Amino acid sequence: MRITAVDTLSCDAGWRNYHFVKVSTDAGVTGWSEYDEGFGSPGVTAVIEQLSKTIVGQPFAGQNPFYADVYSRTRPAAGGVVAEGIGALENALLDAHAKQLGVPCHALLGGKVRDKLRVYWSHCPAWRINHPQYFKPAVTDLAGVKAMGAEARERGLTALKTNIFLFDDGPAHAWRPGFAAPFFPELNVDRRIIRNVRDNLEALRDGAGADMDILIDFNFNAKTEGYLKLLRAIADLDIFWVEIDSYNPAALAYIRNHSAHPISSCETLFGGRELLPFLTHQAVDVAIIDTVWNGVWQSMKMAELADIHEVNVAPHNFYGHLCTMMNAHFAAAVPNFRIMETDIDRLEWDDALFTHTPVYEDGHLIVPDRPGWGTDPVEDALRAHPPRTGGGLIAPRPKH
């Protein structure tokens, strides 16, 4: 199989854009992957366009030769958007390879361990608070949060994840200083933040009932002192995990050792080299792996490393339907799977963008067995929703 062309495509995804790599081959199959520039990663497209010059016109030798070659070429600036560009190409090549063989991608990852994946409803109620023009009904207060907890239960979900919001100064709005929204780089946590976090969690519990697993994501929104204050304040609540982003494994290990709840982290790390210190420091109960950033092939190696350290993994997944399918093949193939992130709130045109959409039953995602990832973008539909300017974390922030 020889690679004849590599193209990037994008489309409007409401408050951000969706981005795709299309790999054409002389074998009559097309490989696809989805990637992202909105999660603090401007420039991935440029990296893909540069790296594609190394593979167009060449036979595809396999995932390991591809990665070894492009990693060697980019070693001085490994990680960041360079790693994301490599991951995007790696994922599209894996899709093409599987389609050429007529097998699902999980067959190339060693075979699936499970047929269905337990999921949690991510950004519940974040999307309806942050982007009410796209995700309805809008959530503006704690009554709306309680209603979303009830909706999750009625939909058959068994787990949901929320974030930090403020409800005591007008309509509900996100508290994300770690992402400059608002711009408070000192990342201090005061009594007001703690009070609102508790109110949010209690409203979700009231709506969802006793059998719902509730997760909360603190992101990069505090420092060690602040995370400890938050954890002490919610120690009496029933929480599935607390998600904390950190680049300091020793600090996160200290936090974990003082937490009443399991700690998950690592979604912004690249490769086994960055993950290893968090495992050796015993900093996490669950390692979150972004297969979109790392590439599924490299993500499998990260999962194996976590398994050696008796740690389960969970995919980071808040993109489009193709990313959900990519993560499903990863989660199906790793033995140490914990739970999978998915967004239940979708744009009204999301389903039209793909040939197949994820199938959920009783709070689980059914693993697809079609060749490749099991879905392709529909190019005419992408063109019908041209990409918007800006979006994602780089967009201007509203003032509160």
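Coordinates for the structure precede this section.
These remarks concern the structure in this document. Only a predicted model underlies this, so the values are computations on that prediction, with no experimental measurement involved.

### A closer look at the overall build of the protein chain
Scanning the protein chain from terminus to terminus reveals 14 helices and 15 strands. Along the three orthogonal principal directions, the C-alpha set of the protein chain runs to about 60 × 45 × 40 Å. Burial status across the protein chain gives 58% buried among its 400 residues. Sequence separation of 24 or more characterises 73% of the internal contacts of the protein chain that already satisfy a separation of 6 or more. For the protein chain, the accessible surface area stands at approximately 15700 Å², while carbon and sulfur atoms represent 52% of it.

### Some thoughts on unusual backbone geometry
Following lysine 136, the chain continues to proline 137 via a peptide bond in cis, the omega torsion being 0°. For proline 137, the location among the structural elements is in the loop between α5 (126-130) and α6 (142-154). Here the amide bond leading from alanine 181 into proline 182 is cis, since omega sits at 5°, within 30 degrees of zero. As for its position among the elements, proline 182 is in the loop between β7 (173-174) and α7 (191-208). The backbone of asparagine 219 shows a phi angle near 50°, a positive value even though the residue is not glycine. Of note, asparagine 219 is situated in strand β8 (residues 213-219).

### Considerations on the packing of helix α2 (residues 63-74) against helix α3 (residues 80-101)
The interhelical angle for the contact between α2 and α3, taken along N-to-C directions, is 160°, at an axis separation of 11 Å. Classified by the interaxial angle, the pair formed by α2 and α3 is roughly antiparallel. In this structure, α2 meets α3 at a crossing whose hand is right-handed. Contacts between α2 and α3 pair Gln63, Phe66, Tyr67, Val70, Tyr71 and Thr74 from the former with Val82, Ile86, Leu89, Glu90, Leu93 and Leu94 from the latter. Class assignment of the residues belonging to the contact of α2 with α3 gives a composition of nine nonpolar, two polar and one charged.

### Thoughts on the sheet that holds strand β2 (residues 17-25)
What the three strands build is an open sheet, ordered β1-β2-β3; its pairing is antiparallel. Because the sheet does not close on itself, it has two edges, and the strands there are β1 (3-12) and β3 (30-35). Sheet twist, expressed as the mean angle between neighbouring strand axes with direction ignored, is 20°. Contacting β1, β2 and β3, helix α1 (residues 44-51) runs over the sheet at an angle of about 170° to β1. Across the sheet, α3 touches β1, β2 and β3, and the angle it forms with β3 is around 145°.

### Notes on helix α10 (residues 271-280)
Of the residues making up α10, those classed as buried are Leu275, Phe278 and Leu279. Mapping the buried residues of α10 onto a view down its axis gives an arc of 100°, with all of them on the same face. Once α10 ends, the next one or two residues include glutamine 282, with phi positive near 50°.

### Details of the pairing of β8
Most of β8 sits out of view: six of its seven residues are buried. The sheet contact formed by strand β5 (residues 159-162) and β8 spans four bridges and is parallel. Within β8, the position partnered with threonine 162 by the bridge is isoleucine 216. Relative to strand β9 (residues 241-244), β8 is paired through four bridges, and the arrangement is parallel. Considered in β9, the bridge of leucine 215 is made with tryptophan 241. Regarding topology, helix α8 (residues 224-233) serves as the crossover connection from β8 to the parallel β9, and that connection is right-handed.

### What about the pattern of salt bridges?
For the structure on display, the rule yields 23 salt bridges. Among the salt bridges present, the one from aspartate 376 reaches lysine 99, with a minimum N-O distance of 2.7 Å. Taken together, the residues span a long stretch of sequence, with aspartate 376 in the loop between β15 (364-366) and α14 (379-384) and lysine 99 in helix α3 at a distance of 277 residues. Accessibility expressed as a relative area gives 17% for lysine 99, which makes it buried. Salt-bridge contacts for glutamate 151 lead to arginine 128; the nearest nitrogen and oxygen are separated by 2.9 Å. With glutamate 151 in helix α6 and arginine 128 in helix α5, the pair connects residues that are 23 residues apart, well separated along the chain. Accessibility assignment for this pair places glutamate 151 and arginine 128 in one class, buried. Through salt bridges with shared partners, a single ionic network connects Lys22, Glu379, Asp380 and Arg383.

Conventions and cut-offs
- Residues numbered from 1 in each chain as written.
- Predicted model: local features only at pLDDT ≥ 70, side-chain atom pairs only at ≥ 80, totals over all residues.
- Heavy atoms only, no water.
- Helix = DSSP H or I, 4+ residues; strand = E, 2+ residues; numbered from the N terminus.
- Buried < 20%, exposed > 50% of the residue type's maximum accessible area, 1.4 Å probe, protein only.
- Contact = heavy atoms within 4.5 Å.
- Areas by Shrake-Rupley, 256 points an atom, 1.4 Å probe, with all protein chains shown as cover.
- Axes fitted to C-alpha atoms, helices over the stretch in contact; angles between N-to-C directions.
- Parallel < 35°, antiparallel > 145°, perpendicular 65-115°, else oblique.
- Left-handed = near helix turned anticlockwise from the far one by under 90°.
- Nonpolar A, V, L, I, M, F, W, Y, C, P; charged D, E, K, R; others polar.
- Pairing = 2+ DSSP bridges.
- Arc of directions from axis to C-beta.
- Right-handed = clockwise from strand over helix to strand, strands pointing away.
- Salt bridge = Lys/Arg side-chain N within 4 Å of Asp/Glu carboxyl O.

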